[in-house]
Every structure is written in structure tokens, then in C-alpha cells.
Amino acid sequence: MADITVIGSNMYELTTFVDRMPVEGETVEAPEFEMGFGGKGANQAIAAARLGSQVNFITMVGRDEFGRQQLENYRSNGIRADGIGIADGSSGVAPIFVDTSGDNRILIVKGANKQLTPAALDDKKDLIEGSKLVVLQQEIALETNYHAIELAEEYGVPVLLNPAPANDDLNIDYVSRVAFFAPNETELATLTGMPTGTLDEIKAAARNLVRRGVGNLIVTMGGKGALWVSADQELLVPAVTVEAVDTTGAGDAFIGSFAHYYTQGEDVPTALSHANRYAAISVTRRGTQKAYPTAAELNDLLLERVQA
Ligand code: RIB
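As the structure is a prediction and not an experimental result, all values here were calculated from the model.

Engineer: What am I meant to see in the UniProt feature "active site" (unreviewed entry) in the protein chain here?
Structural biologist: Residues annotated in UniProt with the feature "active site" (unreviewed entry) correspond here to Asp252. Structurally, the position occupied by Asp252 is in helix α8 (residues 250-263). Polar side-chain contacts of Asp252 include one of 3.1 Å to the side chain of Gln44.

Engineer: Would you explain the nonpolar core in this entry?
Structural biologist: Side chains of nonpolar character tend, in soluble globular proteins, to be buried together. Ile7, Val134, Leu136, Leu170, Phe181, Leu217 and Val219 are the most contacted members of the largest nonpolar core, which has 40 residues in total. Considering every element that reaches this core, the biggest residue donor is helix α4 (residues 142-155), with 6 residues. Leaving out residues up to four positions away in the same chain, Ile7 has contacts with Ile58, Leu116, Leu121, Ile128, Val134, Val135, Leu136, Gln137, Ile140 and Ala148. Formed by 39 residues, the second largest nonpolar core is a distinct cluster that contains Leu51, Tyr74, Leu133 and Ala279.

Engineer: Would you mind going over the site of the ligand with me for this structure?
Structural biologist: Every one of the 13 residues lining the ligand counts as a neighbour, but Glu13, Lys40, Asn43, Glu139 and Asp252 are closest to it. Residue Glu139 places a side-chain N or O atom 2.7 Å away from an oxygen atom belonging to the ligand. Within the side chain of Asp252, a nitrogen or oxygen atom sits 2.7 Å from an oxygen atom of the ligand. Bound to the protein, the ligand loses 94% of the 270 Å² it would expose on its own. For the shell around the ligand, the elements supplying multiple residues, two or more each, are β2 (11-17) and α1 (40-50). Of the residues belonging to the shell around the ligand, the class tally is 4 nonpolar, 5 polar and 4 charged.

Engineer: How should the environment of Gln138 be read in this particular structure?
Structural biologist: Tracing the backbone shows Gln138 in the loop between β8 (133-136) and α4. Along the primary structure Gln138 and Ala164 are separated by 26 residues, whereas in three dimensions their C-alpha atoms are 5.2 Å apart. Ignoring sequence-local partners within four residues, the contact set of Gln138 consists of Asn145, Leu161, Asn162, Pro163, Ala164, Pro165, Ala166, Asn167 and Leu170. Engagement of the side chain of Gln138 in a polar contact is seen with the backbone oxygen of Pro165, the distance being 3.0 Å.

Engineer: Before we go on, may I ask you to explain the pairing of strand β11 (residues 216-220) in this structure?
Structural biologist: Most of β11 is tucked away: 5 of the 5 residues are buried. Residues Asn216, Ile218 and Thr220 point to one face of β11 and Leu217 and Val219 to the other, with burial holding for every one of them. Pairing of strand β10 (residues 180-181) with β11, which is carried by 2 bridges, proceeds in the parallel orientation. The residue of β11 that forms the bridge with Phe181 is Leu217. By the bridge criterion, 5 bridges tie β11 to strand β12 (residues 226-230) in an arrangement that is antiparallel. Looking at the pairing, Thr220 lines up with Ala226 of β12. The antiparallel hairpin formed by β11 and β12 contains 5 residues in its connecting segment, where Gly222 sits at a positive phi of about 55°.

Definitions and cut-offs
Throughout this description, residue numbers start from 1 for each chain and increase along the sequence as written. Under the rules for a predicted model, residues below a pLDDT of 70 receive no local features and side-chain atom pairs below 80 are neither given nor counted, while totals for whole chains, interfaces and linings still include all residues. Think of the side-chain values as coming from all heavy atoms in the structure, minus any hydrogens and water. UniProt positions are given in the numbering used here, feature names are shortened, and annotations may be inferred rather than shown by experiment. In this text, helices come from DSSP runs of H or I with a minimum length of four residues, and strands from runs of E with a minimum of two, each type numbered from the N-terminal end. Any pair of nitrogen or oxygen atoms within 3.5 Å is treated as a polar contact; in protein, a donor-acceptor pairing is required on top of that, and neighbouring residues in sequence qualify only through side-chain atoms on both sides. The definition of a nonpolar core used throughout is a set of buried Ala, Val, Leu, Ile, Met, Phe, Trp, Tyr and Cys residues joined through side-chain atoms within 4.5 Å. Burial classes follow relative accessibility: with a 1.4 Å probe on protein chains only, a residue under 20% of its type's maximum area counts as buried, one over 50% as exposed, and anything between as partly exposed. Contacts are assigned to residue pairs that have any heavy atoms within 4.5 Å of one another. Being near a molecule or strand, for a residue, comes down to having at least one heavy atom within 4 Å of it. Accessible surface area values rest on a Shrake-Rupley calculation with a 1.4 Å probe, where residue burial reflects the displayed protein chains alone. Any residue that is not Ala, Val, Leu, Ile, Met, Phe, Trp, Tyr, Cys, Pro, Asp, Glu, Lys or Arg is counted as polar, Gly included; the first ten are nonpolar and the last four charged. Here, any two strands with at least 2 DSSP bridges between them count as paired.

In C-alpha cells form, the structure reads like this:
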């Protein structure tokens, strides 16, 4: 039985570090290129597993070399293979461009992830039973997420939905059924149709969703921290300030580590504060999953900071 069941995407990342992006018709030399494992679902699963959670990951890889490497990646990170399906065709891939400020531009080609349908999820639904939390994002079909919410309700398991990337079609009726809804400012604006340019605007949009039934709204705001809004309280948990070299996957590091700390029994403010710290460490290193520390590495890093 797992602590956390993540249902979602995996991508094979092809990351180019650029001094500047080419304009139309232009060829520009880029200094470096790296490959790695990503996909929002996979990143969140790996972050939680590296911190020590027992994680089920329900996903679909392709029947190709990238898929084979993905399977080995999950195995070596202690994620059970039961939830991972192999679909005919190509694995999901993500060409990524990271600039000198550490900011990224990402394309995704979903490939096998498109075959994680509601019916495919039914084949794996037993894995949800007994989990403390189901974690969802939006790089798979919305219908599959809706079905995951229904199944989690049947099994009495709370759901955390991270609506990334934003999708205008997300049905608010399903949003109001999750225990944790964790958008960033842009995703919150997309869903509510309300402005989220200032903290007051973000609070107003968050309150709007809480009034419509969401138990806990967690707005991730990057360098500005995370805002938690529920029916009876509002809390801003400040970010840890660091020098960013690559922000790719920082939001996933936050969600995966929050899921870990929360399901290990921390209260929401403490889990948010630990998640801020974990995400901050991830942006100081290159790559996505490569940048996520294990629990032991995290302890060493924190000790170094205390001794510095
Ligand atoms: O959230 C970052 C992730 O989005 C990357 O890992 C990339 O693969 C895309 O899925």
C-alpha cells in the first residue's frame, strides 16, 4: 500500500541552455544540451519518493528507448512498476529551452501519455485504495482526471489537483470536489476569469474558489512564496530566496514534496514551508528530476547552510 498515488504524465526531456532564443528564420548556436527525465506527474512522484514516501505512479510510457529508460528511472527511485503501462508508439517528450536567468520555455509532445484514458485508469484503480493522497496534474486528458477524482471519492482518498498546464475547459464541479487545489497565479486566473496580478487579487480569486467548495486552495507564486486559503483562514508562506540557475520543474518539486510532508503527518503550514525550501533547492541546480535531492542529500544541504 502506498502513501501517495500520483496519476499523470511522464516526458523525456531534451533541454537546450540558450544565451538567447533565435528569431524567425535565424540559427543561433546554444552553449549546452542535456537529456533527462521529466513530465509533471513523474516529477511530483519522484520528488515524493526521493524524500522517502511510498509512491504509486500511474502513467503510460511508449514502447521505445525513452520508455525503457523511464521504467529504469522509476525502478531506481523506488517507485513500484504496477501502475506503469506500456503503450504502442512513442513516449512523451519535452523540448525545453532554459535562458541565462534560469527561466524556461517548454513544449510537450504527449505521445503515450494520451493513452492514459479513463478505461486504462480503471485497470490500475486498485492502487488508489489505501493511499493517503491522490495527486493529479493536467498533462493527461481532463476526462482521466475527472475519473480519478470519482475513483478517489469511492475509495475515500483525498485528492490534490495541480492544474498545470492551465486548461480553460477544466470543469469547476470537479475542482470543488478536491481537498487541495494548487494552481499558480496564471492557472488561477484561467479558471476563475479573475485578475491575479496582485496579492489582493490572488486572495480574492482564491476566496471565490473556496466559496465554490474547494477545501484548501494553495496558490504557488514562485519567488513570492505560497498562499494557503481555506474556509476559515489565509496564510502566506514566504519563499526561500536563492540564485536560480534552472527553474524547470520547481513547481513539481513543490507539489511532490508538499504531498510527502503532508502525508507524513505535518500540518499544512509546516508542509508548505518545507515544500518552499525543497523547490528553492531544486532551482539552484540544473535539470528537473536531476535537481531533486533525496532526504539524505537534503539533510546534508541543510547542515551545510547551518555551518556556513
Ligand atoms: O513542470 C515542468 C515539466 O513540464 C517538465 O518536466 C516538462 O517535461 C513538462 O512536463
